[in-house]
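So you can see what is in the structure, the chains are spelled out below.
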Amino acid sequence: MNRLLVLTGGGDCPGLNAVIRAIVKRASQEKDWEIVGSIESFNGVLKDPAEVVILDESKVAGILVQGGTIIGTTNKGGPFAYPVQNPNDGTWTTIDRSDEMLRRLQYMDIKGVINIGGDGSLRISKALADKGLNVINVPKTIDNDLSSTDYTFGFQTAVQIATEAVDKLVTTAASHNRVFILEVMGRDAGWIALNAAIAGGADICLIPEIPYEVENLKAKIETRYRKGRGFCIIVVAEGAVNSKGKKVGAVSNEVGYENFMLGGIGWTLKQELIAAGVRHDIRVTLLGHLQRGGTPIAYDRVLASEFGVAAFELAYKGLWGNMVAYRHPDVVAVPFEEALKEPHLVSPDSRLVLTAKGLGMEFGD
Ligand code: F6P
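Because the structure is a prediction, the values reported are computed rather than measured. (Residues numbered from 1 in each chain as written. Predicted model: local features only at pLDDT ≥ 70, side-chain atom pairs only at ≥ 80, totals over all residues. Heavy atoms only, no water.)

> Is there a simple way to explain the sheet that holds strand S7 (residues 135-139) in this structure?
Adjacent strands of a sheet form backbone hydrogen bonds with each other and so pair up, either parallel or antiparallel. Across the sheet, which stays open at both edges, the seven strands sit in the order S3-S2-S1-S6-S7-S14-S15 with mixed pairing between neighbours. At either end of the open sheet lies a strand with only one pairing partner, and these are strand S3 (52-54) and strand S15 (330-335). Within this sheet the neighbouring strands show an average axis-to-axis angle of 30 degrees, counted without direction. Here strand S2 (residues 33-38) runs beside S3; their pairing, made up of three bridges, is antiparallel. Bridge pairing links Gly37 to Val53 in S3. (Pairing = 2+ DSSP bridges. Helix = DSSP H or I, 4+ residues; strand = E, 2+ residues; numbered from the N terminus. Axes fitted to C-alpha atoms, helices over the stretch in contact; angles between N-to-C directions.)

> How do you make sense of the pairing of strand S14 (residues 322-327) when you look at a structure like this?
The side chains of a regular strand alternate, residue by residue, between the two faces of the sheet. Across the six residues of S14, five count as buried, placing the element largely inside the fold. One ladder, built from two bridges, connects S7 with S14; its direction is parallel. Each residue of the ladder has a partner; that of Ile136, found in S14, is Asn322. Across six bridges, the pairing between S14 and S15 is antiparallel. Among the inter-strand pairings, Val324 is bridged to a residue of S15, identified as Ala333. Connecting S14 to the next strand, S15, in antiparallel fashion are two residues. (Buried < 20%, exposed > 50% of the residue type's maximum accessible area, 1.4 Å probe, protein only.)

> What should I look at first to understand the sheet that holds strand S13 (residues 282-286) in this one?
Taken together, the four strands give an open sheet; going across it, the order is S9-S10-S8-S13, and neighbouring strands pair in parallel fashion. The sheet is open, and its two edges are formed by strand S9 (204-206) and S13, each paired on a single side. Pairs of neighbouring strands in the sheet enclose a mean axial angle of 15 degrees, with direction left out of account. Where strand S8 (residues 179-184) meets S13, five bridges bridge the pair, whose relative direction is parallel. The residue of S13 that forms the bridge with Leu182 is Thr285. Seen against the sheet, helix H9 (residues 265-275) touches S8, S9, strand S10 (232-237) and S13 and runs at an angle of roughly 165 degrees to S13. (Contact = heavy atoms within 4.5 Å.)

Here's what the structure looks like:
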């Protein structure tokens with residue numbers, strides 16, 4: 001029996017279940033292959049007793065359209081930094097359990113792992129591959145910031161949700177002559193903001209890759225009110241920065257959570273605009289995790305299914321140490337070293353930014 005372990009790591013995103021389903025359905029066409037899911041990423045293997053589940057066709061029936069992940073996920077811990085609590089004083093620390101985990105996988109007779117995750121999961125996979133584990137990665141994130149792939153699945157769904165939010169804000173903004181700031185996710189990449197701003201016809205788009213000057217934003221807002229009545233829609237990426245360059249967010253106090261928690265630039269921007277003398281009503285909407293929940297749109301179901309089938313086929317052929325990637329029109333295998341290169345960010349002179357500028361959109365630069 002060839003047994004593959006499948007896991008989902010990092011923040012969830014629409015399409016995870018579609019990948020799991022594709023792996024299971026493709027594997028079922030081969031003799032003697034079994035798919036096992038580890039609950040909450042690698043943590044399932046490290047639990048006592050292990051939390052793993054056999055994934056057969058009956059388990060994946062109907063999950064194509066479901067958001068989230070049927071095997072759970074986590075963006076804390078992992079085999080190299082597993083959180084443990086000191087029973088005496090309640091304090092937390094992390095320990096390296098990677099060698100123990102490899103022994104556990106051997107004991108479970110796991111031939112290889114398909115790790116569905118973002119950049120953090122990719123780094124863990126690479127480190128485990130360096131220790132001899134057979135691993136394939138599938139790129140997931142709504143942020144679309146992974147190197148080597150045109151798109152990650154989940155991204156287009158997030159863009160759709162953000163665009164629908166812009167559409168809704170336009171009607172209320174127009175009714176009240178207001179300035180609306182919509183803050184969207186994306187970490188250090190402006191892909192969600194830029195695409196939603198273009199699709200929704202926003203007036204201003206602020207992304208991490210293009211620092212903004214608030215005076216330029218004020219000037220754009222005033223042109224929108226030139227005829228007396230008016231309104232203005234601003235889409236701001238959570239990682240956007242003004243020309244002073246400081247990101248808005250907080251250090252997490254959750255055990256094992258290492259990322260800086262971005263969020264709140266929308267409120268900061270409102271204060272900056274008021275301080276610059278903007279006198280129109282300003283309202284802020286923070287879209288947050290609504291961008292990650294719910295049903296994947298058709299595009300992401302297709303991409304996730306392509307990735308799942310391709311990932312199984314790489315494992316079947318023993319082509320370990322690769323991430324599946326979409327390079328239009330193909331799905332290809334990219335070695336971990338290459339996939340881990342610099343993140344995929346919006347280039348300020350890219351076609352998409354020039355398109356937005358051609359539409360009169362202001363970036364504040
Ligand atoms: O990476 C995906 C993402 O949704 C980012 O856009 C966002 O900054 C972050 O995860 C939020 O993480 P969490 O779910 O831990 O709050």
